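Residues per chain, in single letters:
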Amino acid sequence: MALVNTKKMFEMAYKNGYAVGAFNVNNMEITQGIIDAVAEEKAPLILQVSRGAREYAKNSYLRAIIDVVVAENPDIPVAINLDHGDTFETCKQFVDDGFTSVMIDGSNLPFKENIALTKQVCEYAHPRDVVVEAELGQLGGIEEDVVGVEDVDKHIADPDQAVEFVEKSGCDSLAIACGTSHGAYKFKSEPKLAFNVIEEIGKRLPNFPLVMHGSSSVLKEFVDLINKYGGNMPHTMGVPEDMVTKASKMAMCKVNIDTDLRLALTAKIRQVFAEKPGEFDPRKYLGPGRDAIKAMVKHKLHVLGCAGKAGECS
Ligand code: G3H
Ligand code: 13P
Ligand code: ZN
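Structure report, in brief. (Residues numbered from 1 in each chain as written. Chains lettered and ligands numbered in written order. Predicted model: local features only at pLDDT ≥ 70, side-chain atom pairs only at ≥ 80, totals over all residues. Heavy atoms only, no water.)

**Topic: the pairing of strand β1 (residues 20-24)**
Part 1 of the reasoning: Counting buried positions over the 5 residues of β1 gives 5, a clear majority of the element.
Part 2 of the reasoning: Both faces of β1 are covered, namely the face carrying Val20, Ala22 and Asn24 and the face carrying Gly21 and Phe23.
Part 3 of the reasoning: Bridging between β1 and strand β8 (residues 252-257) involves 4 bridges; their strand directions are parallel. Each residue of the ladder has a partner; that of Phe23, found in β8, is Ile257.
Part 4 of the reasoning: For β1 and strand β2 (residues 45-49), the ladder comprises 3 bridges, and the chain directions are parallel. In the strand pairing of β2, Phe23 is matched with Leu47. (Buried < 20%, exposed > 50% of the residue type's maximum accessible area, 1.4 Å probe, protein only. Helix = DSSP H or I, 4+ residues; strand = E, 2+ residues; numbered from the N terminus. Pairing = 2+ DSSP bridges.)

Structure follows, in C-alpha coordinates:
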(Lines give C-alpha, C1' and ligand atoms only; values in the text may rest on other atoms or scores of the structure.)
(Ligands and ions follow the chains in the order given, each with its own letter.)
Protein backbone atom coordinates (compact mmCIF):
# COMPACT_ATOMS: atom_id res chain seq x y z
CA MET A 1 0.00 0.00 0.00
CA ALA A 2 1.21 3.48 -0.83
CA LEU A 3 1.41 6.14 1.81
CA VAL A 4 -2.05 7.08 3.00
CA ASN A 5 -3.48 10.09 4.75
CA THR A 6 -5.20 9.59 8.10
CA LYS A 7 -8.85 9.86 6.97
CA LYS A 8 -9.71 6.16 6.94
CA MET A 9 -7.58 5.45 10.04
CA PHE A 10 -9.42 8.09 12.03
CA GLU A 11 -12.81 7.02 10.74
CA MET A 12 -12.20 3.47 11.94
CA ALA A 13 -10.48 4.53 15.17
CA TYR A 14 -13.41 6.78 16.04
CA LYS A 15 -16.02 4.17 15.17
CA ASN A 16 -14.31 1.31 16.96
CA GLY A 17 -12.94 3.13 20.00
CA TYR A 18 -9.19 3.02 19.61
CA ALA A 19 -6.35 5.41 18.76
CA VAL A 20 -3.60 5.18 16.15
CA GLY A 21 -0.07 5.60 17.50
CA ALA A 22 1.86 8.55 16.05
CA PHE A 23 5.53 7.93 16.70
CA ASN A 24 8.31 10.48 16.21
CA VAL A 25 11.27 9.37 14.12
CA ASN A 26 14.79 10.76 14.31
CA ASN A 27 16.98 8.03 12.84
CA MET A 28 17.00 4.61 11.23
CA GLU A 29 17.05 2.51 14.40
CA ILE A 30 14.06 4.26 15.94
CA THR A 31 12.09 3.90 12.72
CA GLN A 32 13.02 0.22 12.37
CA GLY A 33 12.04 -0.54 15.97
CA ILE A 34 8.64 1.05 15.37
CA ILE A 35 7.88 -0.63 12.04
CA ASP A 36 9.03 -4.05 13.24
CA ALA A 37 6.55 -3.77 16.13
CA VAL A 38 3.73 -2.47 13.94
CA ALA A 39 4.29 -5.17 11.30
CA GLU A 40 4.13 -7.93 13.91
CA GLU A 41 1.04 -6.47 15.54
CA LYS A 42 -0.64 -5.54 12.24
CA ALA A 43 -1.48 -2.01 13.31
CA PRO A 44 -2.01 1.17 11.28
CA LEU A 45 0.87 3.61 11.69
CA ILE A 46 1.56 7.32 11.73
CA LEU A 47 5.21 8.31 11.58
CA GLN A 48 5.99 11.92 12.30
CA VAL A 49 8.87 14.30 11.89
CA SER A 50 9.46 17.26 14.22
CA ARG A 51 11.51 20.37 13.64
CA GLY A 52 14.24 18.94 15.88
CA ALA A 53 14.26 15.74 13.83
CA ARG A 54 14.60 17.70 10.59
CA GLU A 55 17.46 19.75 11.99
CA TYR A 56 19.21 16.63 13.28
CA ALA A 57 18.79 14.15 10.44
CA LYS A 58 17.60 16.25 7.46
CA ASN A 59 14.18 15.65 6.04
CA SER A 60 15.53 13.93 2.94
CA TYR A 61 17.22 11.19 4.98
CA LEU A 62 14.18 10.63 7.18
CA ARG A 63 11.95 10.61 4.12
CA ALA A 64 14.14 7.98 2.44
CA ILE A 65 13.94 5.75 5.52
CA ILE A 66 10.16 6.16 5.66
CA ASP A 67 9.87 5.33 1.94
CA VAL A 68 11.61 2.01 2.64
CA VAL A 69 9.18 1.34 5.50
CA VAL A 70 6.25 1.86 3.13
CA ALA A 71 7.74 -0.22 0.30
CA GLU A 72 8.59 -3.15 2.56
CA ASN A 73 5.27 -3.25 4.41
CA PRO A 74 2.52 -3.29 1.78
CA ASP A 75 -0.11 -4.52 4.26
CA ILE A 76 0.42 -1.70 6.74
CA PRO A 77 -1.29 1.65 6.13
CA VAL A 78 1.34 4.28 6.89
CA ALA A 79 0.75 8.03 7.12
CA ILE A 80 3.53 10.59 7.50
CA ASN A 81 2.87 13.72 9.46
CA LEU A 82 4.74 16.95 9.91
CA ASP A 83 4.73 17.38 13.71
CA HIS A 84 4.27 20.93 15.05
CA GLY A 85 4.63 22.81 11.77
CA ASP A 86 4.99 26.46 12.74
CA THR A 87 4.35 28.43 9.54
CA PHE A 88 2.32 28.18 6.35
CA GLU A 89 5.56 27.93 4.37
CA THR A 90 6.80 24.93 6.39
CA CYS A 91 3.48 23.14 5.94
CA LYS A 92 3.45 23.94 2.22
CA GLN A 93 6.95 22.54 1.85
CA PHE A 94 5.95 19.25 3.50
CA VAL A 95 2.78 18.98 1.42
CA ASP A 96 4.93 19.51 -1.68
CA ASP A 97 7.41 16.89 -0.40
CA GLY A 98 4.67 14.26 -0.30
CA PHE A 99 3.76 14.12 3.38
CA THR A 100 0.17 12.92 3.75
CA SER A 101 -0.59 14.93 6.87
CA VAL A 102 0.65 18.22 8.27
CA MET A 103 0.16 19.75 11.67
CA ILE A 104 -0.05 23.50 11.82
CA ASP A 105 0.56 24.50 15.41
CA GLY A 106 -0.84 27.99 15.82
CA SER A 107 -1.65 27.41 19.47
CA ASN A 108 0.54 30.29 20.63
CA LEU A 109 -1.36 32.74 18.40
CA PRO A 110 -4.52 34.61 19.33
CA PHE A 111 -7.60 32.46 18.62
CA LYS A 112 -8.66 34.21 15.40
CA GLU A 113 -5.12 34.20 14.00
CA ASN A 114 -4.82 30.48 14.77
CA ILE A 115 -8.05 29.91 12.81
CA ALA A 116 -6.85 32.04 9.88
CA LEU A 117 -3.47 30.30 9.68
CA THR A 118 -5.03 26.84 9.93
CA LYS A 119 -7.55 27.75 7.22
CA GLN A 120 -4.75 28.91 4.93
CA VAL A 121 -2.93 25.58 5.39
CA CYS A 122 -6.16 23.62 4.77
CA GLU A 123 -6.80 25.53 1.55
CA TYR A 124 -3.38 24.49 0.28
CA ALA A 125 -3.36 20.92 1.64
CA HIS A 126 -6.89 19.67 0.94
CA PRO A 127 -6.85 19.88 -2.87
CA ARG A 128 -3.65 17.82 -2.71
CA ASP A 129 -5.31 15.13 -0.54
CA VAL A 130 -3.26 16.04 2.51
CA VAL A 131 -4.99 16.27 5.88
CA VAL A 132 -4.39 19.01 8.45
CA GLU A 133 -4.09 18.69 12.22
CA ALA A 134 -4.42 21.90 14.24
CA GLU A 135 -3.94 22.69 17.93
CA LEU A 136 -6.08 24.48 20.46
CA GLY A 137 -4.99 25.34 23.98
CA GLN A 138 -1.37 24.99 24.98
CA LEU A 139 0.72 22.06 26.08
CA GLY A 140 3.89 22.30 28.11
CA GLY A 141 7.31 21.48 26.71
CA ILE A 142 7.29 22.76 23.15
CA GLU A 143 5.18 25.81 24.00
CA GLU A 144 8.07 27.07 26.00
CA ASP A 145 6.41 29.30 28.57
CA VAL A 146 4.02 26.59 29.63
CA VAL A 147 5.59 24.03 31.94
CA GLY A 148 4.24 22.21 34.95
CA VAL A 149 0.70 21.04 35.52
CA GLU A 150 -0.51 24.20 37.25
CA ASP A 151 0.34 26.23 34.18
CA VAL A 152 -0.93 23.54 31.83
CA ASP A 153 -4.29 23.58 33.62
CA LYS A 154 -4.77 27.22 32.71
CA HIS A 155 -4.35 26.41 29.03
CA ILE A 156 -6.81 23.52 28.68
CA ALA A 157 -8.81 23.75 25.43
CA ASP A 158 -12.18 25.48 25.66
CA PRO A 159 -15.09 23.40 24.24
CA ASP A 160 -16.90 26.48 22.85
CA GLN A 161 -13.77 27.56 21.04
CA ALA A 162 -13.16 24.02 19.75
CA VAL A 163 -16.46 23.96 17.85
CA GLU A 164 -15.93 27.41 16.36
CA PHE A 165 -12.33 26.56 15.52
CA VAL A 166 -13.19 23.41 13.60
CA GLU A 167 -16.10 25.03 11.74
CA LYS A 168 -14.14 28.08 10.68
CA SER A 169 -10.72 26.56 9.99
CA GLY A 170 -11.80 23.37 8.19
CA CYS A 171 -9.11 21.30 9.95
CA ASP A 172 -9.35 17.50 9.77
CA SER A 173 -8.33 16.77 13.35
CA LEU A 174 -7.67 18.83 16.44
CA ALA A 175 -5.02 18.44 19.13
CA ILE A 176 -6.58 19.72 22.32
CA ALA A 177 -4.64 20.63 25.42
CA CYS A 178 -6.12 18.39 28.12
CA GLY A 179 -3.47 18.36 30.83
CA THR A 180 -0.56 16.62 29.09
CA SER A 181 2.78 18.14 28.19
CA HIS A 182 5.80 17.03 26.20
CA GLY A 183 8.76 15.28 27.80
CA ALA A 184 9.47 13.19 30.89
CA TYR A 185 8.20 15.56 33.59
CA LYS A 186 4.52 15.97 32.86
CA PHE A 187 3.02 16.31 36.32
CA LYS A 188 4.32 17.69 39.58
CA SER A 189 2.10 15.56 41.79
CA GLU A 190 -0.74 13.27 40.78
CA PRO A 191 -1.30 12.74 37.04
CA LYS A 192 -4.58 14.26 35.97
CA LEU A 193 -6.21 14.66 32.57
CA ALA A 194 -9.25 16.81 31.80
CA PHE A 195 -11.47 13.91 30.75
CA ASN A 196 -14.51 16.14 31.19
CA VAL A 197 -13.13 18.46 28.48
CA ILE A 198 -12.31 15.55 26.17
CA GLU A 199 -15.85 14.25 26.67
CA GLU A 200 -17.48 17.63 26.15
CA ILE A 201 -15.54 18.42 22.98
CA GLY A 202 -16.23 14.88 21.76
CA LYS A 203 -19.98 15.43 22.28
CA ARG A 204 -20.03 18.79 20.57
CA LEU A 205 -18.01 17.57 17.58
CA PRO A 206 -19.52 14.18 16.76
CA ASN A 207 -17.40 11.93 14.52
CA PHE A 208 -14.53 14.40 14.67
CA PRO A 209 -11.07 13.01 15.53
CA LEU A 210 -9.14 14.56 18.41
CA VAL A 211 -5.40 14.24 18.98
CA MET A 212 -3.48 13.84 22.22
CA HIS A 213 0.06 15.19 22.30
CA GLY A 214 2.40 14.50 25.20
CA SER A 215 1.04 10.97 25.63
CA SER A 216 4.17 9.13 26.74
CA SER A 217 3.84 7.18 29.96
CA VAL A 218 7.51 7.64 30.91
CA LEU A 219 7.81 3.97 31.74
CA LYS A 220 9.42 3.22 35.09
CA GLU A 221 11.27 0.25 33.63
CA PHE A 222 13.37 2.57 31.43
CA VAL A 223 13.78 5.41 33.90
CA ASP A 224 15.01 2.89 36.48
CA LEU A 225 17.58 1.51 34.02
CA ILE A 226 18.75 5.01 33.13
CA ASN A 227 19.16 5.93 36.80
CA LYS A 228 20.78 2.58 37.63
CA TYR A 229 23.38 2.98 34.92
CA GLY A 230 24.65 6.46 35.60
CA GLY A 231 21.73 8.64 34.54
CA ASN A 232 20.03 11.25 36.65
CA MET A 233 16.32 11.54 35.98
CA PRO A 234 14.56 12.12 39.30
CA HIS A 235 10.82 12.84 39.66
CA THR A 236 9.81 11.82 36.15
CA MET A 237 6.11 11.42 35.52
CA GLY A 238 4.11 10.45 32.44
CA VAL A 239 0.50 9.80 31.54
CA PRO A 240 -0.51 6.49 33.18
CA GLU A 241 -1.33 3.91 30.56
CA ASP A 242 -4.86 3.33 31.83
CA MET A 243 -5.53 7.02 31.15
CA VAL A 244 -4.09 6.70 27.66
CA THR A 245 -6.39 3.73 27.04
CA LYS A 246 -9.38 5.63 28.42
CA ALA A 247 -8.69 8.63 26.14
CA SER A 248 -8.17 6.28 23.17
CA LYS A 249 -11.64 4.84 23.70
CA MET A 250 -13.06 8.36 23.65
CA ALA A 251 -12.61 10.74 20.69
CA MET A 252 -8.79 10.71 20.80
CA CYS A 253 -7.96 9.01 17.50
CA LYS A 254 -4.24 9.91 17.35
CA VAL A 255 -1.88 9.55 20.29
CA ASN A 256 1.60 11.08 20.00
CA ILE A 257 4.57 9.26 21.50
CA ASP A 258 8.18 10.39 21.40
CA THR A 259 9.59 10.47 24.93
CA ASP A 260 8.95 6.75 25.53
CA LEU A 261 11.00 5.95 22.41
CA ARG A 262 13.86 8.13 23.63
CA LEU A 263 13.81 6.55 27.07
CA ALA A 264 13.83 2.99 25.72
CA LEU A 265 16.80 3.71 23.44
CA THR A 266 18.75 5.62 26.09
CA ALA A 267 18.14 3.01 28.80
CA LYS A 268 19.43 0.15 26.66
CA ILE A 269 22.48 2.06 25.46
CA ARG A 270 23.37 2.97 29.04
CA GLN A 271 22.93 -0.65 30.11
CA VAL A 272 25.24 -1.93 27.37
CA PHE A 273 27.90 0.66 28.19
CA ALA A 274 27.71 -0.16 31.90
CA GLU A 275 27.82 -3.91 31.42
CA LYS A 276 30.42 -3.87 28.62
CA PRO A 277 32.63 -0.84 29.19
CA GLY A 278 34.88 -1.89 26.30
CA GLU A 279 32.10 -1.88 23.73
CA PHE A 280 32.69 0.51 20.85
CA ASP A 281 30.75 -1.07 18.01
CA PRO A 282 27.63 1.07 17.48
CA ARG A 283 25.71 -1.96 16.23
CA LYS A 284 26.19 -3.61 19.61
CA TYR A 285 24.44 -0.81 21.49
CA LEU A 286 22.09 0.63 18.86
CA GLY A 287 20.84 -2.91 18.12
CA PRO A 288 19.66 -3.57 21.71
CA GLY A 289 18.20 -0.04 21.72
CA ARG A 290 16.22 -0.84 18.59
CA ASP A 291 14.99 -4.11 20.17
CA ALA A 292 13.85 -2.22 23.27
CA ILE A 293 11.90 0.23 21.10
CA LYS A 294 10.26 -2.65 19.26
CA ALA A 295 9.11 -4.34 22.48
CA MET A 296 7.88 -1.06 23.94
CA VAL A 297 5.92 -0.11 20.79
CA LYS A 298 4.33 -3.59 20.59
CA HIS A 299 3.05 -3.06 24.11
CA LYS A 300 1.80 0.47 23.30
CA LEU A 301 -0.24 -0.74 20.36
CA HIS A 302 -2.30 -2.78 22.82
CA VAL A 303 -2.58 0.17 25.19
CA LEU A 304 -4.01 2.21 22.29
CA GLY A 305 -6.19 -0.65 21.06
CA CYS A 306 -4.93 -0.44 17.45
CA ALA A 307 -3.12 -3.82 17.33
CA GLY A 308 -4.71 -5.98 14.64
CA LYS A 309 -6.48 -3.03 13.00
CA ALA A 310 -4.26 -2.53 9.92
CA GLY A 311 -6.71 -4.36 7.67
CA GLU A 312 -9.75 -2.24 8.48
CA CYS A 313 -7.76 0.98 7.95
CA SER A 314 -6.53 0.04 4.46
O1 G3H B 1 6.59 17.45 19.85
C2 G3H B 1 7.50 17.07 20.56
C3 G3H B 1 8.39 16.00 20.15
O4 G3H B 1 8.83 15.27 21.27
C5 G3H B 1 9.51 16.46 19.28
O6 G3H B 1 10.54 17.02 19.99
O7 G3H B 1 11.49 18.83 18.50
O8 G3H B 1 12.90 17.68 20.27
O9 G3H B 1 12.21 16.46 18.21
P10 G3H B 1 11.88 17.54 19.20
P1 13P C 1 5.77 12.89 24.49
O2 13P C 1 6.86 13.83 24.85
O3 13P C 1 4.84 12.64 25.63
O4 13P C 1 6.25 11.62 23.89
O5 13P C 1 4.87 13.62 23.35
C6 13P C 1 5.31 13.66 22.02
C7 13P C 1 4.48 14.56 21.17
O8 13P C 1 3.43 15.04 21.54
C9 13P C 1 4.99 14.86 19.83
O10 13P C 1 4.24 15.80 19.16
ZN1 ZN D 1 3.45 17.38 20.32
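Back to the text.
**What about the site of ligand 2?**
Part 1 of the reasoning: Looking at ligand 2, there are 15 residues lining it, with Asp83, Lys186, Ser216, Asp258 and Thr259 nearest.
Part 2 of the reasoning: Here an oxygen atom of ligand 2 sits 2.9 Å away from a polar atom, N or O, in the main chain of Gly183.
Part 3 of the reasoning: Gly214 is positioned with one of its backbone polar atoms (N or O) 2.8 Å from an oxygen atom of ligand 2.
Part 4 of the reasoning: Contact with the protein chains covers 97% of the free accessible surface of ligand 2, which is 310 Å².
Part 5 of the reasoning: Looking at the shell around ligand 2, the elements with two or more residues in it are β3 (78-85) and β8.
Part 6 of the reasoning: Of the residues in the shell around ligand 2, the class split is 1 nonpolar, 11 polar and 3 charged. (Near = heavy atom within 4 Å. Polar contact = N/O pair within 3.5 Å; in protein donor to acceptor, adjacent residues only side chain to side chain. Areas by Shrake-Rupley, 256 points an atom, 1.4 Å probe, with all protein chains shown as cover. Nonpolar A, V, L, I, M, F, W, Y, C, P; charged D, E, K, R; others polar.)

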